[in-house]
Amino acid sequence: MEFAGRDIISIRDFSREEIDYMLKIAKAMEPLAHEGSDMLKGKILATLFFEPSTRTRLSFEAAMHKLGGSTIGFAEAEIASVRKGENLADTVRTVENYADVIAIRHPLEGAARLAAEFAKVPIINGGSGAEEHPTQALLDLYTILKEKGTIDNLKIALVGDLRYGRTVHSLAYALSNYNVELYLVSPESLKMRREVLEEIKGKIPVIEETNIGKVISDLDVLYVTRIQKERFPDPAEYIKVKGSYKIDLELLRNAKKDMIILHPLPRVDEIAPDVDNTPHARYFQQVWNGIVVRMALLALILGAVK
Ligand code: NCD
């Protein structure tokens, strides 16, 4: 397995063996996330974020700092030369002179792949439109493994906006490498993208459902997502599905005691605040896991860990 110099564009570019290895390195990063390290001293990460972000960008930056590296970048494309009409290829061919690795988030599908074609340094996709968010999928898997001790033999539901949500696309692809049963729970108009569904259906059992109440008692993991308002071509369509799912204490009465709830965050109204105090809630632990997973990815692709 070779990670040094590699791009992370789609989770589909990685085998189960490679994913398991990345999760293993993430675990080894846990003590370093507390104590710090100078493993990446002298290395620079550039974060080019053309879309809003809190966790993805800050956790990449924190991960780099914890390993002794440093960061540059912008979180507001409005202030970069993009505003003057610079294209992505030129931006990337500029920034690669300043950085050893580039994390990019862009509203257009295919943007990260395009950047990787032009860049000499590794590109990490921090979210490409509604398409994919591979590093989120890795931290989701890491959280499941850490909390449940296994990814295999679980019943996992992805709930909410399966059409425009990029995290669920990457996570569904990732989970199809494991021996899981996948429940896809969404309103009719927000069903899982056909291309994702077709690929995963050939590998694992998939159950599509609109009513979360019908399946809640089966589940080991409930992965909840926000309805991606900003990606709806027609605001009227958003109004129709707004607030379709509400995970609340009433619903959870029928859940297994050890079922865990994950969410990539930000949450809007899909998980009631009083759920935070139940033993099911793991979405803030998930945020911590984002740090160790990103430390592992940076160390691997910069060749500091073999
Ligand atoms: C997600 C994203 O940006 O795709 N957030 C994240 O990276 N943790 C989810 C979302 O915006 O709903």
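Provided above is the structure to which this section pertains.
Numbering of residues starts from 1 in each chain and follows the order in which that chain's sequence is written. Confidence filtering applies because this is a predicted model: local features only for residues at pLDDT of at least 70, side-chain atom pairs given and counted only at 80 or more, and all residues used for totals across whole chains, interfaces and linings. Calculation of side-chain values draws on the structure's entire complement of heavy atoms; hydrogens and water are dropped beforehand.

**Thoughts on the sheet that holds strand β5 (residues 155-159)**
When DSSP finds two or more bridges between two strands, those strands count as paired. The numbering of helices and of strands both runs from the N terminus, where a helix is a DSSP run of H or I of at least 4 residues and a strand a run of E of at least 2. The five strands are arranged β7-β6-β5-β8-β9 in an open sheet whose pairing can be described as parallel. Every other strand in the sheet has two partners, leaving β7 (206-209) and β9 (260-262) as the edge strands with one partner each. Adjacent strand axes in the sheet meet at a mean angle of 20°, parallel and antiparallel pairs treated alike. With four bridges connecting them, strand β6 (residues 181-185) and β7 associate as parallel partners. Each bridged residue has a counterpart across the sheet, and for Val185 the counterpart in β7 is Glu209. Across the sheet, helix α5 (residues 134-148) touches β5, β8 (221-224) and β9, and the angle it forms with β9 is around 165°. For helices, the fitted line uses only the C-alpha atoms of the stretch in contact; every axis is such a line through C-alpha atoms, and the angle between N-to-C directions lies from 0 to 180 degrees. We call two residues in contact when some of their heavy atoms are within 4.5 Å.

**Structural notes on helix α2 (residues 55-66)**
Each residue after the first adds 1.5 Å to the expected span of a helix. With twelve residues, α2 should reach 16 Å at 1.5 Å per residue; the first-to-last C-alpha distance of 16 Å fits that figure. Relative accessibility decides the category of a residue: with a 1.4 Å probe and only protein chains considered, values under 20% of the type maximum give buried, values over 50% give exposed, and everything between is partly exposed. Taken together, the buried positions of α2 are Thr56, Arg57, Ser59, Phe60, Glu61, Ala63 and Met64. Where α2 is buried, its residues meet β1 (44-49), β2 (70-74), β3 (101-106), β4 (123-128), α5 and α11 (283-301). Once α2 finishes, Gly68 follows within two positions and takes phi at roughly 85°, a positive value.

**Details of the packing of aromatic side chains**
Classification of ring pairs rests on two measures: the distance between centres of Phe, Tyr or Trp rings, Trp counted by its six-membered ring, which must be within 6.5 Å, and the angle between planes, read as stacked under 30 degrees, edge-to-face over 60 and tilted in between. Scanning the entire structure with this criterion turns up five aromatic pairs. With a centroid separation of 5.3 Å and an interplanar angle of 85°, the aromatic rings of Phe50 and Phe74 are classed as edge-to-face. Highlighted residues: Phe50 in the loop between β1 and α2 and Phe74 in strand β2, separated in sequence by 24 residues. Here Phe50 and Phe74 have matching classes, each one buried. Grouping aromatic residues by their ring pairs yields a cluster made of Tyr164, Phe232 and Tyr238. Lying over the aromatic face of Tyr173, Arg12 brings its terminal NZ or CZ to 5.0 Å of the ring centre. Cation over ring: Arg294 sits above Phe60, and NZ or CZ is 4.9 Å from the ring centre. Whether a charge sits over a ring depends on NZ of Lys or CZ of Arg being within 6 Å of the ring centre and within 35 degrees of the ring normal.

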